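Each chain is listed here by its residues.
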Amino acid sequence: MLADMRTSSDEKLELGLVVAEGYLQKRGWLAPTFRSRYFYLYLPAPHGEVLCPYLSYYLNKGHPNKRGTIALSEGKVCLLTSLSSSSSASSSDERTFAIKMKNGKSLVLRAATREHAAKWVKALSPLMTKPVLLAIKALRARMDRFDITHHEYHRILGKIATITMKDANAAAGASVGDGAGGANALLKNLTERSRQQEAHSLRRWAIQQAQECPSLPSKQVHTLSEIATVLGKHLADGSIAQEDYDQIVKESSELMFSKTASSPRPSRPPASPVVPATSRASPTNDSASNK
């Protein structure tokens, strides 16, 4: 059964991000016999050996010994019913899907139901397109160059896990030549979406802190200073933009000091920390074609 995306610290540090998991029947490499195995679909960890999405499978869930790992390269995933004529398709074909890669490797898997097979195809398909594979490599390269933090890497990786075929096809349409342009545009878009989500979460937290702050000048100044400190850390590692920092500090300050008209206001809001322009690299500077 396809599981929800998980993000435990052990998975992120050791194996990567789990996009899907569940029991599937795997057809043997030599004999065409289907045997049940427990599969995980991973996106690569920041410092792992695998640089692309991959499948790992075990004898059963919780089994300590891994039976195999399959690195996913550019290719396609499709149900067997889409490869067969309607008259010859069987009920087992409706829940069986094939992974075919351009490097010649292939894998045939069978799910418990047609719905579960469709969910696996939906999860796998975007991750095997050229723009997404190049974007993942470019993200790993940024991590290796220390252009981004572990926190930002995992946030962007989480966005990659939600990519649809529509997103992948749009990126492919923007690609020319080796496809680096589409991959970099996709990575830039995912990075911006990730930062917007982080800014939204921080804004909700800051507003809550401002609402709960007592109407005492000393408490208000202290709370505003704490908000600025937390936001400053996220600004420094690139999780939010300068305009996000300024807007959240402004809203928090106005909310706190509007609760009592008599409350004195500080002469000016806390200054945002100075982040050197060269401390971070723009996603557009990544050359995905060289990864």
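Just so it is clear, the model here is predicted, and its values are computed rather than measured.

1. Concerning the nonpolar core
- Core analysis: the largest hydrophobic core is formed by 43 residues, its most contacted members being Leu 41, Leu 55, Phe 97, Ile 99 and Ile 160.
- Of the residues forming this core, the biggest block, six residues, is contributed by helix α3 (residues 130-144).
- With residues up to four places along the chain from it excluded, the contact list for Ile 160 reads Leu 43, Leu 127, Val 132, Ile 136, Leu 139 and Leu 190.
- Counting residues in hydrophobic clusters, the runner-up holds 16 residues, among them Ala 210, Cys 213, Ala 228 and Ile 240.

2. Digging into the pairing of strand β3 (residues 54-58)
- Of all five residues that make up β3, five are buried, and the element is covered over most of its length.
- Both faces of β3 are covered, namely the face carrying Tyr 54, Ser 56 and Tyr 58 and the face carrying Leu 55 and Tyr 57.
- Pairing of strand β2 (residues 34-43) with β3, which is carried by five bridges, proceeds in the antiparallel orientation. The partner of Tyr 40 across the bridge, within β3, is Ser 56.
- Sheet analysis places β3 next to strand β4 (residues 66-71), joined by five bridges and oriented antiparallel. Bridge assignment links Leu 55 to a residue of β4, and that residue is Ile 70.

3. Observations regarding the packing of helix α6 (residues 180-212) against helix α7 (residues 217-236)
- It is the contact of α6 with α7, at a shortest axis distance of 10 Å, that shows an interaxial angle of 170°. Relative to α7, α6 is oriented roughly antiparallel. Of α7, the residues touching α6 (which contributes Glu 198, Leu 202, Trp 205, Ala 206 and Gln 209) are Thr 223, Glu 226, Ile 227, Val 230, Leu 231 and His 234.
- In terms of residue class, the contact of α6 with α7 is made up of six nonpolar, three polar and two charged.

Criteria and cut-off values
- Residues numbered from 1 in each chain as written.
- Predicted model: local features only at pLDDT ≥ 70, side-chain atom pairs only at ≥ 80, totals over all residues.
- Heavy atoms only, no water.
- Core = buried A, V, L, I, M, F, W, Y, C linked by side-chain atoms within 4.5 Å.
- Buried < 20%, exposed > 50% of the residue type's maximum accessible area, 1.4 Å probe, protein only.
- Helix = DSSP H or I, 4+ residues; strand = E, 2+ residues; numbered from the N terminus.
- Contact = heavy atoms within 4.5 Å.
- Pairing = 2+ DSSP bridges.
- Axes fitted to C-alpha atoms, helices over the stretch in contact; angles between N-to-C directions.
- Parallel < 35°, antiparallel > 145°, perpendicular 65-115°, else oblique.
- Nonpolar A, V, L, I, M, F, W, Y, C, P; charged D, E, K, R; others polar.

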